[in-house]
Amino acid sequence: AAQTQKTFKLNTGAHIPAIGLGTWQDEAAQEAAVLVALQAGYRHIDTAQCYGTEPAVGRAIKQSGVPRSEIFVTSKLWNHKHHPDDVAQSLQQTLDDLGLEYLDLFLMHWPVAFKRGDDPFPSDKDGNIITEDIDYVETYKAMDAVRKTGKTKAIGVSNFSRKELERILENSPTVPAVHQMELHPWLQQKDWAEFHQKKGIHVTQYSPFGNQNEIYGGREDHGQLVNDQKLVEIGKKYGKTSAQIALAWGISHGRSVIPKSKSPERIMQNFDIAFELQDSDIEEIDKLDKKLRFNDSSKDFGYDLFS
Ligand code: NAD
């Protein structure tokens with residue numbers, strides 16, 4: 001499966017596998033999850049310094065015996081390491097934790113800088129995050145400088161607004177290879193996604209099932225995306241689950257997807273989507289948009305995101 005799986009070409013010329021494994025939350029389960037995924041044929045793993053899952057991902061990659069060159073590994077710069085003088089060191093920490101020589105993709109996790117230092121969540125006495133006035137353009141330029149050292153093959157952004165992304169494009173010769181953002185049938189952002197296509201920026205859909213964990217409060221308010229009747233109904237035509245349909249929809253639009261699961265059965269199910277959705281079904285799913293964003297940290301971060 002590893003040899004035949006679908007990939008998308010990045011503006012660097014490298015290929016990103018259409019399906020990756022997400023590793024946010026359930027830190028203790030991630031080593032086993034990543035190993036199962038690699039054995040099932042996944043060749044794309046998404047982690048981040050702030051998830052605390054880099055060591056587990058690294059151990060699983062080693063255990064799998066899959067050659068490093070066959071795996072696409074993404075990690076992310078956390079918000080307290082935005083100062084240009086901190087970026088190279090933070091990437092080195094990530095590599096050390098992963099036990100790897102290089103990343104395939106290094107993303108700026110959020111456009112907001114937290115106070116510089118060792119505390120990933122620096123907060124005042126009332127528990128409010130302390131931000132710092134560091135321009136993400138300068139952070140991006142520092143990421144571009146480490147790219148040139150070969151410690152990462154590509155750089156990109158995550159959770160950027162249009163205004164923020166346009167500033168990057170105006171101020172750096174290196175177009176981000178990838179923008180990783182929340183995107184699923186209930187948050188489609190059609191025009192925004194098309195903007196990326198025009199600029200040659202690949203979109204990776206995070207939370208392709210809307211996350212659905214209690215921390216978002218998603219369950220009570222909106223139900224679960226995987227229970228969307230339309231997705232379930234379309235799935236029946238193909239003998240697939242609603243989850244598989246949601247992933248196939250993203251891929252049909254040219255985007256990679258990074259579903260997270262710690263259950264072997266679901267890890268395999270989420271990878272088993274080598275079928276083509278008919279155009280009429282893609283169009284039906286295109287109509288399910290609810291502009292429903294589950295992951296908006298504006299309040300927690302004290303920064304107006306996505307505006
Ligand atoms: P997700 O949308 O992948 O949903 C995960 C949940 O869906 C699981 O906990 C499980 O309960 C359920 N699930 C998994 N497979 C299923 C299946 N086949 N059927 C039914 N339910 C299933 O949520 P996520 O973890 O938020 O997003 C995926 C990954 O994206 C993360 O793990 C992380 O790697 C990345 N991410 C990045 C950012 C960012 O800021 N860049 C933010 C959030 C997530």
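The following refers to the structure shown. Worth saying up front: this structure is predicted, and the values here are computed from it rather than measured. (Residues numbered from 1 in each chain as written. Predicted model: local features only at pLDDT ≥ 70, side-chain atom pairs only at ≥ 80, totals over all residues. Heavy atoms only, no water.)

**Observations concerning the overall build of the chain**
Working step 1: Looking only at helices and strands, one finds twelve helices and ten strands in the chain.
Working step 2: Taken over C-alpha atoms, the radius of gyration comes to 19 Å for the chain, in line with the 19 Å a tight globule of 307 residues would show.
Working step 3: Its C-alpha atoms put the chain at 55 × 40 × 40 Å along the principal axes.
Working step 4: Residues counted as buried form 55% of the 307 residues belonging to the chain.
Working step 5: In the chain, of all internal contacts separated by at least 6 residues, the share reaching a separation of at least 24 is 73%.
Working step 6: On the chain, roughly 13600 Å² of surface is accessible, and the fraction owed to carbon and sulfur atoms is 47%.
Working step 7: On the chain, the mean spot of the 36 positive side-chain charges and the mean spot of the 44 negative ones are 3 Å from each other. (Helix = DSSP H or I, 4+ residues; strand = E, 2+ residues; numbered from the N terminus. Rg over C-alpha atoms; globule rule 2.2 N^0.38 Å. Buried < 20%, exposed > 50% of the residue type's maximum accessible area, 1.4 Å probe, protein only. Contact = heavy atoms within 4.5 Å. Areas by Shrake-Rupley, 256 points an atom, 1.4 Å probe, with all protein chains shown as cover. Lys, Arg positive; Asp, Glu negative; His and termini not counted. Charge placed at Lys NZ, Arg CZ, Asp CG, Glu CD.)

**A closer look at helix H6 (residues 190-199)**
Working step 1: Buried within H6 are the following residues: Trp192, Ala193, Phe195 and His196. Each buried residue of H6 lies within a common arc of 150 degrees when the element is viewed along its axis, so the set occupies one face. The outward face of H6, more than 90 degrees from its buried face, is lined by the exposed residues Lys190, Asp191, Gln197 and Lys198.
Working step 2: The inward-facing, buried residues of H6 contact helix H5 (162-171), strand S8 (178-182) and strand S9 (202-206). (Arc of directions from axis to C-beta.)

**Focus on the packing of aromatic side chains**
Working step 1: The tally for this structure, following the rule as stated, stands at twelve aromatic pairs.
Working step 2: Residues Phe114 and Phe121 carry aromatic rings whose centres are separated by 6.2 Å and whose planes lie at 55 degrees to one another, so their mutual orientation is tilted.
Working step 3: Members of the aromatic cluster, connected to one another through ring pairs, are Trp78, Trp110, Phe114, Phe121, Phe301 and Phe306.
Working step 4: Lying across the ring of Trp249, Arg255 places its NZ or CZ 5.0 Å from the centre.
Working step 5: Over the aromatic face of Trp186 sits the side chain of Lys290, whose NZ or CZ is 3.9 Å from the ring centroid. (Phe/Tyr/Trp six-rings, centres within 6.5 Å; stacked < 30°, edge-to-face > 60°. Lys NZ or Arg CZ within 6 Å of the ring centre and 35° of its normal.)

**Overview of the sheet that holds strand S4 (residues 44-46)**
Working step 1: Spatial strand order, S3-S4-S5-S6-S7-S8-S9-S10: eight strands in an open sheet with parallel pairing. Taken across any chain shown, the strands that pair with only one partner, and hence form the sheet edges, are strand S3 (21-22) and strand S10 (256-257). (Pairing = 2+ DSSP bridges.)

**Thoughts on the nonpolar core**
Working step 1: Among the nonpolar cores identified, the biggest contains 75 residues, and Ile19, Leu21, Phe106, Leu277 and Ile285 are the most heavily contacted of them.
Working step 2: Per-element tally for this core: the top contributor is helix H9 (residues 242-252), with seven residues.
Working step 3: Discounting chain neighbours no more than four positions away, the residues touching Leu21 are Ala33, Val34, Ala37, Tyr42, His44, Ile45, Asp46, Pro259, Ser261 and Ile267.
Working step 4: With nine residues, the next largest nonpolar core counts Trp110, Val112, Tyr206 and Ile258 among its residues. (Core = buried A, V, L, I, M, F, W, Y, C linked by side-chain atoms within 4.5 Å.)

**Quick look at the environment of Lys240**
Working step 1: Along the chain, the position of Lys240 falls in the loop between helix H8 (229-238) and H9.
Working step 2: Each C-alpha atom, one on Lys240 and one on Phe275, is 9.7 Å from the other, the two residues being 35 residues apart in sequence.
Working step 3: Excluding its chain neighbours within four sequence positions, the residues that come into contact with Lys240 are Gly235, Ile245, Asp272 and Phe275.
Working step 4: Reaching out from Lys240, the side chain makes a polar contact with the backbone oxygen of Asp272 at a distance of 3.1 Å. (Polar contact = N/O pair within 3.5 Å; in protein donor to acceptor, adjacent residues only side chain to side chain.)

**Topic: the packing of helix H4 (residues 136-147) against H5**
Packed helices, taken two at a time, are described by the angle between their axes plus the distance between the axes.
Working step 1: The interhelical angle for the contact between H4 and H5, taken along N-to-C directions, is 50 degrees, at an axis separation of 10 Å. Accordingly, the angle class assigned to the pair H4 and H5 is oblique. Like other packed secondary-structure pairs, H4 and H5 cross with a definite hand, here right-handed. Contacts between H4 and H5 involve Tyr136, Val137, Tyr140 and Lys141 from the former and Lys163, Glu164, Arg167, Ile168 and Asn171 from the latter. (Axes fitted to C-alpha atoms, helices over the stretch in contact; angles between N-to-C directions. Parallel < 35°, antiparallel > 145°, perpendicular 65-115°, else oblique. Left-handed = near helix turned anticlockwise from the far one by under 90°.)

Limitation: the analysis is restricted to geometry and does not speak to function.
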